[in-house]
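Residues per chain are reported as follows:
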Amino acid sequence: MRNSAPQLNNEIIGLVESLTNASGISGGEGEVRSIVVSQIKSHVDNHHVDALGNVLALRKGEGKDALRVMLSAHMDEVGGMILDIDQDGFHYFDVIGKVDKRQLIGKSVLVGTDHLPGVIGCKPIHLTKPHEMRQPVEINDLRIDLSPEGSGKAHPGDRISFSTRFTRNGAVMLAKALDDRLGVAILIDLVKHAPENIELLAAFTVQEEIGLRGARVAAYALNPQLAIALDATNANEMPAWDDSENIYYNSKIGHGPVIYVADGATICDPRLVRHAITIAERLGIPYQLRQPGTGGTDAGAIHKSRSGIPSLTISIPIRNIHTPISITHIDDFGNTIWLVKEMLASLDRSLLTSERA
Amino acid sequence: MKSLIKKLVETNSPSGYESAIRAVIKAELINLVDDVQTDALGNLITHKGEKAPDGLRIMVAAHMDEIGVMATHIDDNGFVRFTPIGGFLPHTCYGGRVHFINGTRGVIGREKLQDIEKVPTFDQLFIDVGAESKKDCPLKIGDIAVFERPFTELQNRIVAKALDNRIGVAVVIETLRKLQKTPHEIHFVFTAQEEVGGRGATAAAFGIDPDIALVIDLTGCGDTPKGSHKEVRLGKGPAIAVRDNMMVVDSRIIKWMTKTADKIHLPYQLEILERGWTDGHAIQITRAGVPTGILSTPARYIHSPSEMVDYRDVEKSVILLQNLLSNPIKLDLQ
Amino acid sequence: MGLLKVPGLSGYEKPVRLLIEDAWRPLVDCLSISKLGSLHGYKAGNGNLPRPSILISTHMDAIGLLVTGLTGGYIRFTKIGQVDPRSLPGQGVTIHGRKSVPGVIVMPPARLLPPGYGEKPVEIQYLLIDTGLPHETLENTIRVGDLISFSQQPLQLTDDIIAGHSLDNRASVAALTLCLEELHSHSPVWDVWAVASTQEEEGGVGAYTSGFQLKPDLAIAIDVTFAHSPGTPDTGTFPLGGGVTIGWGASIHPGLTAAFRDLADRLEIPYKLEIIPHRSGTDADGLQMTAEGIPCMLISIPIRYMHTPVEMVNMRDIHRAGRLLAEFIIQLTPNFMEQLVWKD
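Calculation rules
- Residues numbered from 1 in each chain as written.
- Chains lettered and ligands numbered in written order.
- Predicted model: local features only at pLDDT ≥ 70, side-chain atom pairs only at ≥ 80, totals over all residues.
- Heavy atoms only, no water.
- Salt bridge = Lys/Arg side-chain N within 4 Å of Asp/Glu carboxyl O.
- Helix = DSSP H or I, 4+ residues; strand = E, 2+ residues; numbered from the N terminus.
- Buried < 20%, exposed > 50% of the residue type's maximum accessible area, 1.4 Å probe, protein only.
- Contact = heavy atoms within 4.5 Å.
- Nonpolar A, V, L, I, M, F, W, Y, C, P; charged D, E, K, R; others polar.
- Domains from an automatic or database assignment.
- Polar contact = N/O pair within 3.5 Å; in protein donor to acceptor, adjacent residues only side chain to side chain.
- Arc of directions from axis to C-beta.
- Core = buried A, V, L, I, M, F, W, Y, C linked by side-chain atoms within 4.5 Å.

**Brief notes about the pattern of salt bridges**
Link 1 in the chain: Applying the stated rule across the entire model yields 39 salt bridges over all chains.
Link 2 in the chain: Ionic pairing is found between Asp269 of chain A and Arg356 of chain A, a salt bridge with its closest N-O pair at 3.8 Å. With a gap of 87 residues between them, Asp269 of chain A in the loop between strand S14 (258-259) and helix H7 (270-283) and Arg356 of chain A in the segment after helix H10 (350-353) connect regions that are remote in the sequence.
Link 3 in the chain: On the basis of relative accessibility, which here comes to 1%, the residue Asp269 of chain A falls in the buried class.
Link 4 in the chain: Measuring nitrogen to oxygen at the nearest pair gives 2.9 Å for the salt bridge that ties Glu21 of chain C to Arg17 of chain C. Of the two residues, Glu21 of chain C and Arg17 of chain C both sit in helix H2 (residues 14-24), 4 residues apart, roughly one turn of that helix.

What follows is the structure, given as structure tokens:
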């Protein structure tokens, strides 16, 4: 066991940069898939892309009886899709995944596999009446503007991502799609340095943001003995409007990997929760428990698969999830890699023979 | 059976944390079944009988979990904020008592309401465990509790927390006690995590791969003042579901159930559950499909700390289930 | 048209299934029924074993109503599937109790409704069915759980246009039947499973479980989609009679969209691309996620006024759908699956 966080080199930060800059909206994860396959293919015993576009890979363990552990990270991000073009040449669109409509106005986007630049504007404030300012935003009233020359170059069905580019400011990383490219980066790293005591079944899943769809078929195909979903979760730690105690923060950046007891989709296996906490406390890895409530991760689909699979989610806390610019702390990223690696290295069958709870 | 029901409802086991009730059920069944196993999600799976040439593989499912609350935050003064586990309403909570799995007890209080006419939301409630500060509070995020209310008898009726679905569990155990011969291979499954979406049932059904299934649960009544338009009444016999919110019951299964009841002159009620679901949907869509029926005991005030059933309905549910399982099943040809 | 006259509510599809069995029997090698009542028609391909198989799913159930109780000589009811309550007041129905009883859905006057209703559409929980019969007769004939179907008869407005209830999804059943008729005189390489699925309107249960049982290599769902009519949005609706729609989106494999568009262009079958950003709300969603996942396509026939008893379709679109499907199956080569890759 190591007793300090692994040093994060530029290579892995560079990987986070290329992953977050890539466009991979639910259903169209191709760009991310290419990076994943090129990164892992020489480190795994086999891999393939399934009917939905999941990348499923196997890294064998030592000995015939190694525990079969599935690790999942979802490749898709929230964004949108062009629906049609209106008579003035502006494009109707819809959002894909849970994006608050109020995050859309005044943003720049990239459209389609050619990354055509566009903007989402609105009627100038000078021309907007006070009562209109108080109306809820309707997506039907918004348009993607690719400029008069660009209009018509985009086609219905083209996917839309925010145009944010990755930046780093010391220990802070700012990018779009930190949910869940951070998880993807961690899984790639785990595949490259897989602990030998387990058979690692890596699932880079699709369509998590629209209903945990990729994970569902991936779990069925891989049929693991236990599973850990690597995701990102929101840190809503800003002060409340009236400075009262913020009791709805969900998680906090800089406080370490987030261990889930339960969310809206899964009651995590208490044995795995205990294992994670035990390892973290033994090694002094900072960690936090996510506030139970709504939301879901790939574990929601995985744990119900076949005859049931003991599952846990571990996430990296990020601020402003599902918006154009999310923020995360490098230490949380490093500590999550450390925690998951040590958890896997100390896994053995006795964990599953003890009673669940 | 009353003392069995009392023992079952007084065991605290919310969704996902069913070990206590599992142990109690295991002890009751030990000599009644051929084998007992616990699966990856906590379902208790037992099996009885060999499949005769005219028999089927049947899964009988009764969920053993109950609704509860889970701690989301301990504030600086030691008050505990929480989220519901399972589907119930905030206004059944205020003033209620809870009992955490780690032994801590508490009382549910609420913030001052801006508008006294409005019911509070979950965000406006908290649990007071008697702590004087955060340090003092023996709870952390993720600790889980059930509601606390003693078992009481009111003439023919029983009142307690967790009648949903300890009554179903009792019906199955009592049926097992009475079941003499059966041509079927029956898997009696006490499912986990039903209250949060039938999660245990889905996995158990996959493992068993039954020909048909029967879900034993509780269902609501429409016979209280200005209640719902539901036709189900307390004391009029077990309810056979035609549909619930998530599924339509196979008409051949309904016919088998009603014909069996008619043959033994057992009163029953046909029910349509517009708001609410059971393990049935989860089982029905398993593998290549499982025709699934739902047999419920009528109840009032479901998902409140004081649920009520008529004991005579419970007894009739046992009789009906026993008859359904004892004889060959001739489902009409499709 | 015959299909439209026969009831077949979600979970109670037997009447319509029998009709479909009769139509398919001469066109397939064998018929079987799934555990949940879906109809499976199998036509063996002529390719070498192991032969790939394609499943085409068209749901045979339709939305309808169900008796929930009797009160003061009137009948309370609930819906099966997403029935549009706005189309109900004044609608003729048939209640299938011990015998069939005609009735009409009535909307109580304002004073017999909760206060403040005004002129808003009345929710199903407050509507009632009136048969004119006394309570005692009703009690002997009708009980909780009895089915209620719409008595609106199908209308032939012109040579090509018909209207009626249950065009969702009987129009697609007709299309699949036409496809099978066309295949009958050909010998495709692939095995074909024609599936008339149950309970699509109640969660896509039939198709999902049939997919698990039959484990095809490819699956195509045929359903109906929104034709442009007064009040519908400008995007996401299609001209009635303007051709079928070919799906694109998360539930659909992009390689199949490309293949179908190519084929339709070559055959000069008019079509429109239907953009489906997330869930399609059809059998395709469930089929895609069966077991290890199945590449899926969704072909749809535009109809107006979906989920009312006066749905309207242009029969030429039904013929186009049938033909497109048949031609797709006929041109499937033994190694099609190897070509169906994710082009990243």
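**Focus on the interface of chain A and chain B**
Link 1 in the chain: Between chain A and chain B, the contact holds 29 residues from the first and 29 residues from the second.
Link 2 in the chain: With a closest N to O distance of 2.7 Å, Glu355 of chain A and Arg22 of chain B form a salt bridge.
Link 3 in the chain: Residues of the side of chain A that touches chain B, tallied by class, amount to 14 nonpolar, 7 polar and 8 charged.

**As for unusual backbone geometry**
Link 1 in the chain: The peptide bond linking Asp164 of chain B to Asn165 of chain B adopts the cis configuration, its omega dihedral lying at 10 degrees.
Link 2 in the chain: Assignment of secondary structure puts Asn165 of chain B in helix H3 (residues 163-178).
Link 3 in the chain: The backbone phi angle of Gln207 of chain A is positive, close to 50 degrees, even though this residue is not glycine.
Link 4 in the chain: As for its position among the elements, Gln207 of chain A is in the loop between strand S12 (198-205) and helix H6 (213-222).
Link 5 in the chain: Residue Ala291 of chain C is not a glycine yet carries a positive backbone phi of 45 degrees.

**Brief notes about the domain arrangement of chain C**
All names here are of chain C.
Link 1 in the chain: Domain annotation for chain C reports domain 1 (2-62 + 165-339) and domain 2 (64-150).
Link 2 in the chain: Inter-centroid distance (C-alpha atoms) of domain 1 to domain 2 is 33 Å.
Link 3 in the chain: Taken together, the 11 residues of domain 1 in the interface contact 13 residues of domain 2.
Link 4 in the chain: Scanning the region where domain 1 abuts domain 2 turns up 0 salt bridges.
Link 5 in the chain: Remark: the boundary between domain 1 and domain 2 carries 4 residue pairs in polar contact (both at pLDDT 80 or more).
Link 6 in the chain: Taken together, the residues of the side of domain 1 that touches domain 2 sort by class into 5 nonpolar, 4 polar and 2 charged.

**What to know about H2 of chain C**
Link 1 in the chain: Among the residues of H2 of chain C, those classed as buried are Val16, Arg17, Ile20, Glu21 and Trp24 of chain C. Looking down the long axis of H2 of chain C, one finds its buried residues gathered within 145 degrees of arc, a one-sided arrangement.

**Looking at the nonpolar core**
Among soluble globular proteins, nonpolar side chains are generally buried collectively.
Link 1 in the chain: Judged by nonpolar contacts, the single largest core of 83 residues is most densely connected at Val36, Ile40, Leu71, Phe204, Leu312, Phe333 and Leu344 of chain A.
Link 2 in the chain: Looking at this core element by element, the count peaks at 9 residues for helix H5 (residues 178-192) of chain A.
Link 3 in the chain: Discounting residues that sit within four places of it in the chain, Ile40 of chain A has contacts with Val55, Ala57, Ile188, Val191 and Phe204 of chain A.
Link 4 in the chain: Within the second largest apolar cluster, 80 residues are counted, among which are Val169, Leu214, Met247 and Leu270 of chain B.

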